Amino acid sequence: MYNTFLEVYENHCGRNGRESDLPITYFKEKLNQAITGQISPEAIGDLRLQAYGEITKNIVNDTIFSQYMYKTSMSGSHLWAFKKQFAVQLAVSNFMSFILQIGGRSPNKILFAKNSGKMFQTDFHPSYDSNGMIELNEPVPFRLTRNMHAFLSHFGVEGPLMSNMCSASQAVFSSKVIENIT
């Protein structure tokens, strides 16, 4: 019932006769100079960015998820309902991972239901340091990949995704006190 983004990517690689580990292998080959110490620590960031740019341009395009959903959807109305529900689920998930400082949201840990657009994340828990404090080593506060953005389109990101993130934050941080309902 649920699929992961990793399964979608592996399906894409299988259809196109590509090795699914190619981006990782390519990235490691590009950064071999950094590992062997042939490049300065300051230039490592530029090398990483260059490798990422080449991978996104030549190996992993941003329409993989869109193509998968267009091919597996039953109808246009089903796809529209899926996009709307997916945007709502992604908004709440992203907001909660930001608020709770939850990292490690890799594509193999994000599951979605093709029939409804509902989303589930495995290993959705904070990390703690040696002092028992919540530790977040993520450079980004939440997960919105290029493929998710392309699937939702600009209108889906600026519309349902953003409005639902705002609604979730307003619900959590509202200064109104709800009286006891008896």
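Residues numbered from 1 in each chain as written. Predicted model: local features only at pLDDT ≥ 70, side-chain atom pairs only at ≥ 80, totals over all residues. Heavy atoms only, no water.

Regarding the packing of aromatic side chains
What counts is decided by this rule: Paired rings are identified among Phe, Tyr and Trp, the last through its six-membered ring, by centres lying within 6.5 Å, and are further divided according to the angle between planes into stacked (under 30 degrees), edge-to-face (over 60) and tilted (the rest). Runs of E in the DSSP output that reach at least two residues are strands. Runs of H or I that reach at least four are helices, and both are numbered from the N terminus. Relative accessible area decides the class of each residue, using a 1.4 Å probe on protein chains only: under 20% of the type maximum gives buried, over 50% gives exposed, and in between gives partly exposed. Here, over-ring charges are defined by two tests on the NZ atom of lysine or the CZ atom of arginine: distance to the ring centre within 6 Å, and angle to the ring normal within 35 degrees.
Here the structure, examined in full by the defined rule, presents eleven aromatic pairs. When the ring of F82 is compared with that of F86, the centres are 5.7 Å apart and the planes differ by 10°; the resulting orientation is stacked. Remark: F86 and F82 occur in helix α6 (residues 76-99); sequence separation between them is four residues, near one turn of the helix. Comparing F82 with F86 shows no difference in burial state: the two are buried. An angle of 80° between the planes, with centres 6.0 Å apart, marks the rings of F86 and F151 as edge-to-face. Highlighted residues: F86 in helix α6 and F151 in helix α7 (residues 146-173), separated in sequence by 65 residues. Side by side, F86 and F151 carry an identical accessibility label, which is buried. Above the ring of F151, the side-chain terminus of K83 is found at 5.0 Å from the ring centroid.

Notes on the side chain of S73
We count it as follows: Any N or O atom pair separated by 3.5 Å or less is treated as a polar contact, with the protein-specific requirement of one donor-capable and one acceptor-capable atom, and with residues adjacent in sequence counted only for side-chain atom pairs. Should any heavy atoms of two residues lie within 4.5 Å, those residues are considered in contact.
Inspection of the secondary structure assignment puts S73 in the loop between α5 (64-72) and α6. Note on S73: relative accessible area 15%, which makes it buried. Within the structure, S73 has its side chain in polar contact with the backbone oxygen of M69 (distance 2.6 Å). In this structure S73 touches H78 and L79, once residues within four positions along its chain are discounted.

Thoughts on the side chain of H12
Within the element layout of this structure, H12 appears in helix α1 (residues 5-16). With a relative accessible area of 5%, H12 lands in the buried category. Not counting residues up to four positions away in its chain, the partners in contact with H12 are R18, I64 and Q67.

Here's the deal with the confidence of the model for the chain
So the rule is basically this: Every residue is assigned a pLDDT by the predictor, reflecting its confidence on a scale from 0 to 100.
Predicted confidence across the chain gives a mean pLDDT of 86, with 96% of residues reaching 70 or more. Of all helices and strands in the chain, the one with the weakest mean pLDDT is strand β4 (residues 127-128) (77), whereas α5 scores best (93).

Here we look at the pattern of salt bridges
Applied cut-off: Here, a salt bridge means any Lys or Arg side-chain nitrogen found within 4 Å of an Asp or Glu carboxyl oxygen.
Under the criterion given, the structure shown has one salt bridge. Ionic pairing is found between E54 and K30, a salt bridge with its closest N-O pair at 3.4 Å. Here E54, found in helix α4 (residues 41-58), pairs with K30, found in helix α2 (residues 22-30); they are 24 residues apart in sequence, far enough to count as distant.

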